[in-house]
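# Examining the three-dimensional arrangement
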Amino acid sequence: RGSVDNKRPKSRENLKKFKYGKINQKKNEQNERLKKENRILLSKMMNIDENPSRLHPHKLRLPKSGGQGSLNRVQRYQDLAKITYENQALLSRLQKTGSSYNVSRWEDDRMYHEYLQYQISENAGRV
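Residues numbered from 1 in each chain as written. Predicted model: local features only at pLDDT ≥ 70, side-chain atom pairs only at ≥ 80, totals over all residues. Heavy atoms only, no water.

## Observations concerning the overall build of the chain
If you tally the helices and strands in the chain, you get three helices and zero strands. Written out in order from the N terminus, the α and β elements of the chain read α-α-α. The 127 residues of the chain split such that 3% are buried. As displayed, the chain has an accessible area near 13,200 Å², and 53% of this comes from carbon and sulfur atoms. (Helix = DSSP H or I, 4+ residues; strand = E, 2+ residues; numbered from the N terminus. Buried < 20%, exposed > 50% of the residue type's maximum accessible area, 1.4 Å probe, protein only. Areas by Shrake-Rupley, 256 points an atom, 1.4 Å probe, with all protein chains shown as cover.)

Structural data, given as structure tokens:
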């Protein structure tokens with residue numbers, strides 16, 4: 001008489017450890033790489049915070065005239081200082097302005113349009 005083996009096959013724990021070990025190793029390597037990139041980015045951001053730009057209008061120094069270089073260097077520095085000052089003024093004005101969007105009005109409009117859609121669909125069969 002023939003028989004069929006319906007038992008579960010033996011598990012291969014050593015192969016599972018190998019397979020999941022490789023997956024975990026790849027995830028760990030990726031996490032370490034991301035942590036390293038984040039540390040580098042954080043150090044760059046801290047460097048920017050600690051060392052202000054030399055193009056700040058209050059710290060902008062005009063070079064001494066004469067010597068090697070451009071004849072209009074002083075004018076370019078003055079123009080750069082003016083542009084930087086105007087950009088900062090524009091930024092402060094933009095940050096002080098309020099939003100022109102009214103979300104509650106959007107909601108009221110949506111409700112009104114849904115009401116109109118409902119009315120049109122109710123009266124569509126009365127032609």
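## Focus: a nonpolar patch on the surface
A surface patch of nonpolar side chains, about 420 Å² in accessible area, is lined by Y112, Y115, L116 and I120. Here Y112 lies in helix α3 (residues 103–123). By relative accessible area, Y112 is classed as partly exposed at 48%. (Patch = residues over 30% accessible without salt bridge, like charges linked within 9 Å, V, L, I, M, F, W, Y side chains within 5 Å. Salt bridge = Lys/Arg side-chain N within 4 Å of Asp/Glu carboxyl O.)

## A word on the side chain of T84
Take T84: it is sitting in helix α2 (residues 73–96). A distance of 2.7 Å separates a polar side-chain atom of T84 from the backbone oxygen of L80. (Polar contact = N/O pair within 3.5 Å; in protein donor to acceptor, adjacent residues only side chain to side chain.)

## Details of the confidence of the model for the chain
Per-residue confidence for the chain averages 81 on the pLDDT scale, and 78% of its residues sit at or above 70. α2 holds the highest mean pLDDT among the elements of the chain, 91, whereas helix α1 (residues 13–50) holds the lowest, 82. (pLDDT = per-residue confidence, 0-100.)

## Thoughts on the pattern of salt bridges
For side chains of opposite charge, pairing can occur when their charged atoms come near one another. Applying the stated criterion across every chain yields a total of two salt bridges. A salt bridge links E107 to R110; its shortest N-O distance comes to 2.4 Å. Here the residue E107 and the residue R110 both occupy positions in helix α3, the gap between them amounting to three residues, near one helical turn. Where E114 meets R110, a salt bridge forms, and the shortest distance between an N and an O atom there is 2.5 Å. A residue pair is termed a helical-turn pair when its members lie 3 or 4 positions apart in one helix, as E114 and R110 do in helix α3 at four residues.

## Topic: the packing of aromatic side chains
Enumeration over the complete set of coordinates arrives at one aromatic pair. Between Y101 and W106, the ring centres sit 5.6 Å apart and the planes meet at 55°, which makes this aromatic pair tilted. (Phe/Tyr/Trp six-rings, centres within 6.5 Å; stacked < 30°, edge-to-face > 60°.)

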